[in-house]
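For reference, the chains in residue letters:
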Amino acid sequence: MTASVETRQYVAKQPSILARIFDRWLIKLAILAIVIIWVIPTLGVLISSFRPGGLVNATGWWTVFTNLGNNEWTFENYDAVLNSEGFGNAFLNSLSVTIPATVIPITIAAFAAYAFAWMEFPGRQWIFVTIVALLVVPLQMSLIPLLKLYVTFDLNQTFPAVWLAHTGFGLPLAIYLLRNYIGSLPSSMMESARIDGATHFEIFTKLVVPLSVPVLASFAIFQFLWVWNDLLVALVFLGGEPKVRVITLALRDLNGSRGEQWHLLTAGAFITMALPIAVFLGLQRYFVRGLTAGSVKG
Amino acid sequence: MVTTTDKQVSPPQPAGDGPPPEEPRSSFTTQLLRIGVSLVVPILAILGLYYAGTVLLDEDANRVLVVVMALIIGVVGVFGLYVGMDWLINKLPERHRDRVRPFAFVGPAIVILGIFLLYPTINTILLSFQDSNGQEWVGLDNYVTVFTSSDNLVALRNSLAWVVIVPLFSVVIGLAFAALADRLGRRAEAVSKTFIFMPMAISFVGASIVWRFIYNFRPEGFGEQIGILNGFLTGIGQSPIAWLLQEPWNNFYLMVILIWLQTGFAMVILSAAIKSVPGEIIEAARIDGAGEWQVFRRVTIPSISSTLVVVATTVIITVWKVFDIVFVMTGGRFGTHVVAEQMVSEFFTNRNSGIGATLAVVLLLAVVPLMIANVKRFQEQELTR
């Protein structure tokens with residue numbers, strides 16, 4: 001009896017079917033509007049990068065839609081940017097910077113995180129608290145003294161200078177994330193491994209690292225995107241010489257030298273965006289987790 | 001559960017290989033070994049990297065080879081150093097091994113943090129009390145300059161505006177989108193969220209170029225407008241606008257870029273939070289006769305308030321340190337300086353390390369409360385572990 005009364009009340013308070021269908025369409029329209037606004041900037045760049053230079057600079061890119069079947073498409077812009085504007089080299093330089101600058105901090109942080117979680121040593125607690133405090137220090141604090149240090153040791157404008165700088169800036173977050181994860185592994189597992197005679201090093205490489213793959217992947221993607229997209233650190237410690245120039249810097253230079261040649265600029269922009277977008281689309285799930293955890297980073 | 005434990009380790013381990021329950025007074029030798037072991041990896045690594053760096057910079061080197069070498073150094077090199085160090089420690093007299101080993105694990109990280117974050121931070125604070133070359137002490141002069149000179153005041157004003165406006169729009173749009181998309185079908189939700197989220201993967205420089213194209217302006221009579229905004233304006237019979245020259249509105253047009261980049265972040269995190277609100281609470285509110293808007297305002301928002309705070313704080317920190325967008329779009333001209341960009345131009349363009357350092361300290365001071373909050377939260381977590 002009571003159940004049926006409740007059901008009746010519940011039904012009575014639902015809006016009419018017509019209103020609900022209207023609501024649903026309103027939501028769809030709102031979502032669609034926001035998505036279109038968000039996509040237009042990238043779409044414009046993508047379309048322009050495949051149009052011949054003369055056309056890009058003469059008519060708006062949106063005219064391709066009113067002019068269907070009558071459009072010209074070309075790869076020339078990419079060819080020009082990759083070769084004569086040096087983006088091909090810059091792309092490889094970016095890889096040479098990004099891969100070690102991602103792997104080195106992960107390696108160092110994983111060992112440290114294991115020690116913080118499962119080893120006893122004096123100062124363990126307060127050293128980790130210091131690392132937590134360092135999480136939000138803006139990297140601008142390091143630029144000037146570090147540059148002076150690099151000049152003294154003749155390391156400035158070399159790849160290792162940037163690898164080490166990115167390692168330093170990435171370490172607090174990496175240690176923090178990994179320590180939280182590694183520390184939450186069951187202690188019974190660690191103990192039985194030790195009873196069976198495994199050393200710390202064996203436990204780390206054979207047990208902890210394989211179990212930590214998800215969190216390692218999250219941080220790797222996070223750091224990869226951060227280093228690949230970085231301009232400031234590369235600008236300060238690596239500089240604009242063509243043999244070391246990374247791709248964000250190449251794009252900045254192209255913007256300075258050919259600021260109104262939009263067929264080149266759009267192709268250049270798309271080359272810098274292609275790899276991070278691919279990584280992002282492929283590994284979105286891990287990336288989201290890294291972001292959530294990285295919410296505390298400075 | 002434990003599958004790896006059946007592995008036999010050939011050399012019998014010394015008794016007491018486990019963490020000693022209570023640290024006895026360490027001998028002088030142990031201390032020396034600890035320091036030594038902490039320094040070995042970083043020093044070897046830096047030397048190795050230095051050598052590799054000179055090879056990698058060789059003009060004639062094959063570029064693909066360079067990438068491969070970088071990969072090898074990154075993956076194998078650093079890990080190899082740890083392997084070598086563990087081997088060395090196993091050669092030590094037994095009584096030292098376990099007291100030294102943790103420092104082989106944690107030492108390199110501490111040394112690198114010391115060199116790359118701790119030392120520079122202290123040094124920058126000292127530099128902020130010195131003159132433009134770091135030669136003489138000038139007391140608070142730099143701080144007086146930073147808070148009185150017109151360029152720096154503009155930068156401070158703009159940074160404050162960025163810090164309020166960008167997080168506000170990113171969070172509101174992100175929240176609205178997350179709440180609306182929650183009502184779509186699964187597939188439609190995932191696809192639409194990806195479109196909003198994708199700019200997160202784009203660099204600030206890339207995004208700046210993308211938006212310079214949007215804001216592109218040609219004076220009337222200099223050809224068709226190719227920027228979509230001015231294309232639209234001329235299409236409806238208006239005059240085109242030089243967006244980036246319109247003080248003070250140009251600041252807002254630059255902020256739009258960061259809003260475009262950050263909304264996806266806010267949306268994804270908030271969407272996860274919305275989904276974790278228990279369905280029974282929402283259902284109960286509906287049965288009690290609450291409309292959808294009321295459910296959202298009175299039930300959903302209070303349930304996700306802590307996530308809202310975290311998201312807003314994260315966006316605020318990102319915004320506070322924004323450098324690339326202003327640097328690429330306007331170079332700080334037309335009244336668009338912000339603190340992080342002004343810091344770089346004071347040091348690298350004006351060669352004034354005193355003012356540059358002072359601006360960096362201003363950046364740091366603003367995040368100190370957050371630093372304290374992080375430490376406090378961490379200590380509370382540790383107590384409840």
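## Description of the overall build of chain A
Scanning chain A from terminus to terminus reveals 16 helices and zero strands. Over its C-alpha atoms, taken along the principal directions, chain A stretches across nearly 85 × 75 × 35 Å. When burial is assessed residue by residue, chain A has 58% of its 298 residues classed as buried. Of the contacts formed within chain A by residues at least 6 apart in sequence, a portion of 74% connects residues at least 24 apart.

## Quick word on the interface of chain A and chain B
Listed by partner, the interface residues are 132 residues for chain A and 129 residues for chain B. Taken over both partners, the interface formed by chain A and chain B buries close to 11700 Å², and the fraction arising from carbon and sulfur atoms is 77%. Note that Glu260(A) and Arg212(B) form a salt bridge whose closest N and O atoms lie 3.2 Å from each other. The interface formed by chain A and chain B holds 10 residue pairs in polar contact (both at pLDDT 80 or more) in total. Tallied by class, residues from the side of chain A that touches chain B come to 86 nonpolar, 32 polar and 14 charged.

## Topic: helix H3 (residues 94-127) of chain B
Residue and element names in this part refer to chain B. An ideal rise of 1.5 Å per residue puts 50 Å on 34 residues; H3 measures up with 47 Å between its terminal C-alpha atoms. Residue valine 106 marks the point of greatest curvature in H3, where the axis turns by about 50 degrees; the proline proline 108 follows within four residues. Taken across its 34 residues, H3 has 24 buried, putting it largely inside the fold.

## Description of a nonpolar patch on the surface
The grouping of Ile35(B), Leu39(B), Val40(B), Ile43(B), Leu44(B) and Leu47(B) at the surface amounts to a nonpolar patch, some 510 Å² of accessible area in total. By secondary structure assignment, the location of Leu44(B) is in helix H1 (residues 28-56).

## Considerations on the packing of helix H9 (residues 159-183) of chain A against H3(B)
Their axes nearest at 9 Å, the elements H9(A) and H3(B) cross at an angle of 120 degrees. The angle between the axes of H9(A) and H3(B) places the two elements in the oblique class. Taken as a pair, H9(A) and H3(B) cross one another with a handedness that is left-handed. Between H9(A) and H3(B), the residues in contact are Leu164(A), Ala165(A), Thr167(A), Gly168(A), Phe169(A), Leu171(A), Pro172(A) and Ile175(A) and Ala109(B), Ile112(B), Leu113(B), Phe116(B) and Leu117(B), respectively. Among the residues making up the contact of H9(A) with H3(B), the classes are represented as 11 nonpolar, two polar and no charged.

## Quick notes on the packing of helix H2 (residues 17-49) of chain A against helix H7 (residues 204-214) of chain B
Contact geometry for H2(A) and H7(B): axes closest at 9 Å, N-to-C directions at 85 degrees. For the element pair H2(A) / H7(B), the angle class is roughly perpendicular. For the pair formed by H2(A) and H7(B), the contact residues are Ile40(A), Pro41(A), Thr42(A), Gly44(A), Val45(A) and Ser48(A) on the first element and Val210(B), Trp211(B), Phe213(B) and Ile214(B) on the second. The class makeup of the residues in the contact of H2(A) with H7(B) is seven nonpolar, three polar and no charged.

## Overview of unusual backbone geometry
All names here are of chain B. Backbone torsion omega between glutamate 247 and proline 248 reads -10 degrees, so that peptide bond is classified as cis. The residue proline 248 is located in the loop between helix H8 (228-235) and helix H9 (249-275) in this model. In the Ramachandran plot, phenylalanine 334 falls in the positive-phi region, its phi being about 55 degrees despite a non-glycine side chain. On the secondary structure map, phenylalanine 334 appears in the loop between helix H13 (324-329) and helix H14 (339-349). The residue arginine 351 is not glycine, and still its phi comes out positive at about 55 degrees.

## Remarks on the confidence of the model for chain A
Residue and element names in this part refer to chain A. Summing up the model confidence of chain A, the mean pLDDT is 84 and the portion of residues at 70 or higher is 92%. Looking at the elements of chain A, mean pLDDT is at its lowest for helix H1 (residues 2-13), recorded as 46, and at its highest for helix H13 (residues 232-237), recorded as 91. A low-confidence stretch, residues 1-12 (pLDDT under 50), is modelled with two contacts involving residues beyond four sequence positions or located in other chains.

## Notes on the environment of Val236(A)
For Val236(A), the position within the fold is in helix H13. In sequence terms Val236(A) and Leu147(A) are 89 residues apart; their C-alpha atoms lie 7.6 Å from each other. Apart from the residues within four sequence positions on either side, Val236(A) is in contact with Leu143(A), Leu147(A), Asn156(A) and Phe348(B).

## Structural notes on the environment of Val138(B)
All names here are of chain B. Among the secondary structure elements, valine 138 is positioned in the loop between H3 and helix H4 (141-146). For valine 138, a relative accessible area of 24% corresponds to the partly exposed category. For the pair valine 138 and serine 128, spaced 10 residues apart in sequence, the C-alpha separation works out to 8.9 Å. Each residue touching valine 138, except ones within four places of it in the same chain, is listed here: Phe129, Gln130 and Asp131.

## Structural notes on the packing of aromatic side chains
Throughout the structure, instances matching the rule amount to 35 aromatic pairs over all chains. An aromatic cluster is built from Phe111(A), Tyr114(A), Phe201(A), Phe204(A), Phe79(B), Tyr82(B) and Phe105(B), whose rings are joined through pairwise contacts. Sitting over the face of the ring of Trp25(A), Lys28(A) holds its NZ or CZ atom 5.1 Å from the ring centroid.

The rules behind the values
- Residues numbered from 1 in each chain as written.
- Chains lettered and ligands numbered in written order.
- Predicted model: local features only at pLDDT ≥ 70, side-chain atom pairs only at ≥ 80, totals over all residues.
- Heavy atoms only, no water.
- Helix = DSSP H or I, 4+ residues; strand = E, 2+ residues; numbered from the N terminus.
- Buried < 20%, exposed > 50% of the residue type's maximum accessible area, 1.4 Å probe, protein only.
- Contact = heavy atoms within 4.5 Å.
- Buried area = accessible area lost by both parts, 1.4 Å probe.
- Salt bridge = Lys/Arg side-chain N within 4 Å of Asp/Glu carboxyl O.
- Polar contact = N/O pair within 3.5 Å; in protein donor to acceptor, adjacent residues only side chain to side chain.
- Nonpolar A, V, L, I, M, F, W, Y, C, P; charged D, E, K, R; others polar.
- Expected span 1.5 Å × (residues − 1).
- Bend = angle between axes of the 7 residues up to and from the residue.
- Patch = residues over 30% accessible without salt bridge, like charges linked within 9 Å, V, L, I, M, F, W, Y side chains within 5 Å.
- Areas by Shrake-Rupley, 256 points an atom, 1.4 Å probe, with all protein chains shown as cover.
- Axes fitted to C-alpha atoms, helices over the stretch in contact; angles between N-to-C directions.
- Parallel < 35°, antiparallel > 145°, perpendicular 65-115°, else oblique.
- Left-handed = near helix turned anticlockwise from the far one by under 90°.
- pLDDT = per-residue confidence, 0-100.
- Phe/Tyr/Trp six-rings, centres within 6.5 Å; stacked < 30°, edge-to-face > 60°.
- Lys NZ or Arg CZ within 6 Å of the ring centre and 35° of its normal.

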